[in-house]
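Chain by chain, the residues run as shown.
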Amino acid sequence: MDVSKFLKKVTAEDFYHGQVVHKHAIPVRGARYGELTEPLPAELVRVLERDGIEKLYVHQVEAVSALRKGRDVVIVTSTASGKTLCYNIPVLERLAVDGESRALYLYPTKALAQDQLRVLKRYSGPDGLSFEAGTYDGDTPTSLRRKLRGEARILLTNPDMLHSGILPNHSKWAGFFSRLNFVVVDEIHTYRGIFGSHVANAMMRLQRICEHYGSRPVFAASSATIANPGEHAGKLLGRKMKVIKRDGAPRGRKQFLFWNPPTIDVGDMERRSSNIEAADLVTRLVLDDVQTIAFVRARVVSEVITRYTRDGLGERRARLRDTVYPYRGGYLPGERREIERKLFEGELKGVISTNALELGIDVGALQASIIVGYPGSIASAWQQAGRAGRGSEEALIIFIPYNTPLDQYLARNPDYFFGRNPENAIIDPGNPHILLGHIRAAAFELPLGAKEVEAMGEYAPAIAELLEEERELNYVKGRWYWRGRGYPSADVSLRNISPDIYTIIDEKEDNTVIGTIDGASAFQQVHPQAIYLHEAETYFVRDLDVDKKIAFVEKTNVDYYTQSITETQVKVDREEKSIDWRISRLAFGDVSVTDLTFMFRKIKFGSRDSIGYGKCDLPPQVLETQGLWIVPPAGVLALVRNWGRVPGEGLLGLSSVLREVVPLFVMCEPLDIGTTVNSRSTWGPAIYLYDKYPGGLGFSLKAYDLVEEIMQAALELITSCACKRGCPSCVGSPIPPFSQLDADVGGRGMIPDKEAALVILHHLLGMEPYTPLPSERKSGEEEIERPKGKPLPAELEVKLREGLRKKRGRS
Amino acid sequence: MIDRRRHNLRSDLEALKKKAEGVFEPRKHRSGAPPDGPRQPAAPGTGVGDEATGWDTPAGMKKPGRAPLHQPFVPGRRPPGTLDDLVTGEEVAAGGESFYRVLKEAELVWERTATFFPEYLEALSNPFTPGEGVLRPLRILTETVPEEICYLDIETTGLRMCPLFLVGLMYPSGGKLVIDQLMARDYTEEAAVLRFLGGVLTRFTVLVTFNGLTFDIPFIMDRIKYSGLELSLPAHHVDLLTVARRTIGDRTPNHRLQTLERFVLNRKRIGDVPGSEIPGVYHEFVRTGDAGDIAGVIHHNRLDLVSMLQLVTLFLSGRG
């Protein structure tokens, strides 16, 4: 697309009020091709040429050569750089020359596996290569399963199925495992935190089984940009990985804009709706025939923006109305496939998606990508940005911040965004709580040798002994044998999400299922009287059957949607232990984190006006877990107050910092833990830190033992942060709260008080009292700094003023 | 720190076990001696029932002077001893592998073999029903030399994907009915059992099982694959469960072997080790080496084999 032409046009329009606050150009890069030392088999060359591939990029050559030599690789080149070919080529080559070889492809979702199967199918067929390939997951019919076990040369599945369906039944797969040459693990950046630690253990189990059947497959992994791809892949797969990052794919110029919605009131506090800005931009891009994707944080927002966009298109060019679709989790698989196909084939001009399309589903490259609201991590933002750019064609990327403190911080500090490295992916396969389940599963699959157990982590031998004492393992001639009951892999779920899936049924349409929603979101989005949005249409939720897990809806034409309000409470169920940590009390024990959706607001489309409230009568959702809490002495709070600051804000700031710091000490992802400030179970406000996992995984327990180091690190983080009054890297939490909610209509909030947090930390750590900067805030308001720049030379200023007077005089 | 961890892991484990129990059958309450405690000598008149035959039948198979005791099986209550003391088999060693084999003439473990075995042979050579209709699957038995018919029943540590430890075979040999049991004394001996089994089975044309179609045969083949071995099965397989289902229909509450024993063969096992307890008994034997309870399992396996033979006799002589 012609970016400058588009911008020229848009900025000349009435609706333009200086929204572009920052421009960042990503320069052109030419294609770099390479040559394989040994040519590919003729039939493979033929199918590749048929697909339009005649030359390989340098990274593809590097990956293919390494994989041919049996080196394990992780590929981290940009989106749409042809990562898939890096492993498909050596796999297909092997299939062509070795009639028995097998390959296993693992994808984080079923949809991705199906998508990639379609890619592979392009290479097979009458005038292509001949091989069987298939997806093996929960949806695979039993009759097909047996066939796939025997015949599939390439099996595409997900780690969950591998863990619970394939590994425990490995003898049925003996033929497959004994001939396994390649294991492809795609999108490994998604295997992080608790989930990643589980997947790493499943991969360990996979390799034991391969060894048992006498194979040693080569691993090919791919990842979106993260800070530590080699280390992460190495830990995940238990192999030393060669990192391939020299990207040979061509890239057109990309223009990255920060587009801040204009202020609309005198106090400059209110801004025009970011959702409407997004819709306006998508509308204009689609009218210009620019295929566009907009990424949003919440499902409801994808629907709202689609609606606005369709309305906008309807007014100008009605036939384009239905070329814009929402895309999100909760749609039926068929519906999603259909949208992907239409997008790929160019039938759709615009798609408003949640991060569901962030993963590598092949919808072809788009020309423009709009990021509506900071997605919570730098890595994620870049991945969304990467969806724009067709080969060497110019592309447009626009970030539209919400009017929330965090997003506005980014709008004011683009250098923060462009200067920051993507996040590390952290896993800890040796976490004893996670390991326990996998040692049981591994012993069930094959007896565990002493050496193997040693390699599983420092606590693994102790855990094996514990299981022996508990009569789940027997130790015979140097190996542990499973003797427990049942199927231990069934006791472990790799993912930390509620397995409940609610079905959404349209009663007026013969009870057709129109979509699904996970248990955690159901209460917030399909409570009775909610307006559920589906393909930008409004559905009224008549009833939510919590037992049967069904939401009954009917299509109703209304001009509003609903946003529920959920309150989170933490309470202490049992205190297990406590100590005096310096002048504070530090305790650890069982806590319950209760989410209660108690009311909802009706929001008018467009104006965002609240047009009414309603009550929700839903049971609370409780996470029973373990946590620690720190109760600062009353004196600290008084100290903060004396400075004219709010102690609660300082504590909140400190709790946000802890969520950043603690993962480094306890080896988890920030999303694996929760922090909050609450005074329900303690005499004064306490900072809580809990494991976001039923029963706990030892994160907060470890943090309890390391409190001194953690608090010192928190202080270090805040003081070394260059920001003045708090930013997403310190006291402002980068994790967007309530991903179900539309930030456009939420409360504004503020970045918690950095200075107050420092006053508190200094006192808690027994340091010199901290003197905060004078409070610059008016009550309840956040001051926005004026942009800085060079002062005008005096003469120029005079000239400008004169010119201005003349202009005014004319009008 | 470590203790704390262990404590927490134990509670994790409890949670996992609870979860498992939700899915699978609940762990039965065990009232016996604690697993590590000193083994209680068997109290007189408790637990074991009639060890010699295991039947409580009108046929009067009990040893005189011992009252039938309808007490449930209690682990660890049987007189302790080694395998050699209690089941008197022998170690078979070949190629660096070994296992335990108990090969006995059936008469030694089942006195009424003297009556039933000739009846069985008679039924085979001169069947009352020619093996038509529902009995058609049995026809192959009447067309095969009795020496080439082998009964098979396995004991395992679970329902699937776990080791088996006992393969019970029964076949006529040298004019006598013999029971040939191949046992893995620990998990490492399973492969030797399977290898040996492969050799033994080559002698037979027909395999007779009870539910072997869905359980014993696939289980064995799974373990063969697991152990990287090969095994060719006899040409024919008769699964008595399918025959029983068709011939007996709803005349019995279900078609489990022990139900058929009770309602069709008119006898009841006493002091037998229930199937659900067998994996636990075996694992304890592996851990401690005390063969008290496993001897009961070996006997249980024999009873299964013997009942199968009797069912065939009944079916073929038209009394089933």
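The rules behind each value
- Residues numbered from 1 in each chain as written.
- Chains lettered and ligands numbered in written order.
- Predicted model: local features only at pLDDT ≥ 70, side-chain atom pairs only at ≥ 80, totals over all residues.
- Heavy atoms only, no water.
- Salt bridge = Lys/Arg side-chain N within 4 Å of Asp/Glu carboxyl O.
- Helix = DSSP H or I, 4+ residues; strand = E, 2+ residues; numbered from the N terminus.
- Buried < 20%, exposed > 50% of the residue type's maximum accessible area, 1.4 Å probe, protein only.
- Pairing = 2+ DSSP bridges.
- Axes fitted to C-alpha atoms, helices over the stretch in contact; angles between N-to-C directions.
- Contact = heavy atoms within 4.5 Å.
- Polar contact = N/O pair within 3.5 Å; in protein donor to acceptor, adjacent residues only side chain to side chain.
- Domains from an automatic or database assignment.
- Buried area = accessible area lost by both parts, 1.4 Å probe.
- Arc of directions from axis to C-beta.
- Parallel < 35°, antiparallel > 145°, perpendicular 65-115°, else oblique.
- Left-handed = near helix turned anticlockwise from the far one by under 90°.
- Patch = residues over 30% accessible without salt bridge, like charges linked within 9 Å, V, L, I, M, F, W, Y side chains within 5 Å.
- Areas by Shrake-Rupley, 256 points an atom, 1.4 Å probe, with all protein chains shown as cover.
- Lys, Arg positive; Asp, Glu negative; His and termini not counted.
- Charge placed at Lys NZ, Arg CZ, Asp CG, Glu CD.
- Phe/Tyr/Trp six-rings, centres within 6.5 Å; stacked < 30°, edge-to-face > 60°.
- Core = buried A, V, L, I, M, F, W, Y, C linked by side-chain atoms within 4.5 Å.

So, on to the pattern of salt bridges. All names here are of chain A. Overall, the coordinates contain 56 salt bridges over all chains when judged by the stated rule. Ionic pairing is found between R582 and E708, a salt bridge with its closest N-O pair at 2.8 Å. With a gap of 126 residues between them, R582 in the loop between β25 (560-581) and β26 (584-604) and E708 in helix α24 (residues 707-720) connect regions that are remote in the sequence. Note on R582: relative accessible area 42%, which makes it partly exposed. Judged by its relative accessible area of 23%, E708 is partly exposed. Here the residues in one salt-bridge network are D115, R118, R337 and E340, joined through shared partners.

All right, on to the sheet that holds strand β19 (residues 479-482) of chain A then. The strand order β17-β19-β18 (chain A) describes an open sheet built from 3 strands, whose pairing is antiparallel. Unpaired on one side and paired on the other, β17 (448-449) and β18 (473-476) of chain A mark the two borders of the sheet.

Attention shifts here to the sheet that holds strand β7 (residues 206-209) of chain B. All names here are of chain B. Spatial strand order, β2-β3-β6-β5-β4-β7-β8: 7 strands in an open sheet with mixed pairing. Strands with a single pairing partner mark the edges of an open sheet, and in this sheet they are β2 (90-94) and β8 (236-239). Going from strand to strand, the sheet's axes swing by 25° on average, the running direction of each strand aside. Inspection of the sheet shows strand β5 (residues 164-173) paired to strand β6 (residues 176-183) by 8 bridges, in the antiparallel sense. Pairing of S173 across the sheet is with K176, part of β6. Along the sheet, helix α7 (residues 212-226) makes contact with β4 (149-156), β5, β7 and β8, crossing β4 at roughly 75°.

All names here are of chain A. For D672, the position within the fold is in the loop between α22 (647-666) and β29 (673-678). Considered as a pair, D672 and Y532 are 140 residues apart in the sequence and their alpha carbons are 29 Å apart. Apart from the residues lying within four places of it in its own chain, the contact partners of D672 are G193, I194, Y690, D691, K692 and F699. A polar contact of 3.0 Å, which involves the side chain of D672, links it to the backbone nitrogen of I194.

The next thing to look at is unusual backbone geometry. All names here are of chain A. Phi at K477 is positive, roughly 45°, even though this residue is not glycine. For K477, the position within the fold is in the loop between β18 and β19. Even without being glycine, A536 reaches a positive phi, approximately 65°. Among the secondary structure elements, A536 is positioned in the loop between β22 (531-534) and β23 (537-545).

Residues and elements named next belong to chain A. Here chain A is partitioned into domain 1 (3-27 + 251-419), domain 2 (33-244), domain 3 (432-491), domain 4 (501-558) and domain 5 (573-594 + 620-764). Computed from C-alpha atoms alone, the centre-to-centre distance between domain 2 and domain 3 is 29 Å. Interface area for domain 2 against domain 3, summed over the two sides, is near 1,300 Å², with a carbon-plus-sulfur share of 60%. Counting the surface domain 2 buries against domain 3, the share from its top three residues, N201, R205 and R208, is 45%. Taken together, domain 2 and domain 3 are joined by 2 salt bridges. The closest approach of N and O atoms between R208 and E452, which form a salt bridge, is 2.5 Å. On inspection of domain 2 and its partner domain 3, the count reaches 9 residue pairs in polar contact (both at pLDDT 80 or more). At the level of elements, α7 (159-166) and α9 (193-212) are the ones that each hand at least two residues to the side of domain 2 that touches domain 3. Among the elements that line the side of domain 2 that touches domain 3, the one with the most residues is α9, at 10 residues.

So, on to the pairing of strand β5 (residues 102-106) of chain A. All names here are of chain A. In terms of burial, β5 is largely enclosed, as 5 of its 5 residues are buried. Of the two faces of β5, the one holding R102, L104 and L106 and the one holding A103 and Y105 are both buried throughout. When β5 meets strand β8 (residues 180-185), the two strands line up parallel, connected through 5 bridges. Bridge pairing links Y105 to V184 in β8. Of the strand pairs in this sheet, β5 and strand β7 (residues 154-157) are connected by 4 bridges, and their pairing is parallel.

Turning our eyes to something else, we now look at helix α2 (residues 42-50) of chain A. An α-helical turn contains 3.6 residues, so a residue and the one three or four places further along point in the same direction. All names here are of chain A. Buried within α2 we find L44, V47 and L48. Down the axis of α2, the buried side of the element spans an arc of 100°, and every buried residue falls inside it. Positioned one or two residues after α2, G52 has a phi angle of 85°, which is positive.

A few words now on the packing of helix α8 (residues 240-248) of chain B against helix α11 (residues 292-316) of chain B. All names here are of chain B. Taken N-terminus to C-terminus, the directions of α8 and α11 make an angle of 40°; their axes are 11 Å apart at the nearest point. Compared by their axis directions, α8 and α11 come out oblique. In terms of crossing hand, the pair formed by α8 and α11 is left-handed. The residues of α11 that touch α8, namely those facing L240, V243, A244, T247 and I248, are M308, V312 and F315.

On the surface, R146 and K172 of chain A together with R160 and K225 of chain B cluster together to form a positively charged patch. Counting through the fold element by element, K225 of chain B comes out in helix α7. You can call K225 of chain B partly exposed: its relative accessible area is 37%.

All names here are of chain A. Applying the stated criterion across every chain yields a total of 39 aromatic pairs over all chains. The interplanar angle of 70° and the centroid separation of 5.5 Å between the aromatic rings of Y191 and F195 together place this pair among those described as edge-to-face. In this structure Y191 comes out as buried when scored by relative accessible area, which is 0%. Seen in terms of ring centroids, F444 and Y487 are 5.7 Å apart; in terms of plane orientation they differ by 90°. Their pairing is edge-to-face. Taken together, the positions of F444 in helix α17 (residues 432-445) and Y487 in the loop between β19 and β20 (501-506) put the pair 43 residues apart, joining distant regions of the chain. You can call Y487 buried: its relative accessible area is 16%.

Next up on the list: the nonpolar core. All names here are of chain A. One finds F256, F417, L658, V662, M711 and L761 to be the most contacted residues of the largest nonpolar core, which totals 65 residues. Taken domain by domain, this core gets at least three of its residues from each of domain 1 (3-27 + 251-419) and domain 5 (573-594 + 620-764). Contacts of V662, omitting those with residues within four sequence positions, involve I673, L689, A703 and I710. One finds L67, C86, A356 and L366 within the second-largest nonpolar core, a separate group that totals 56 residues.

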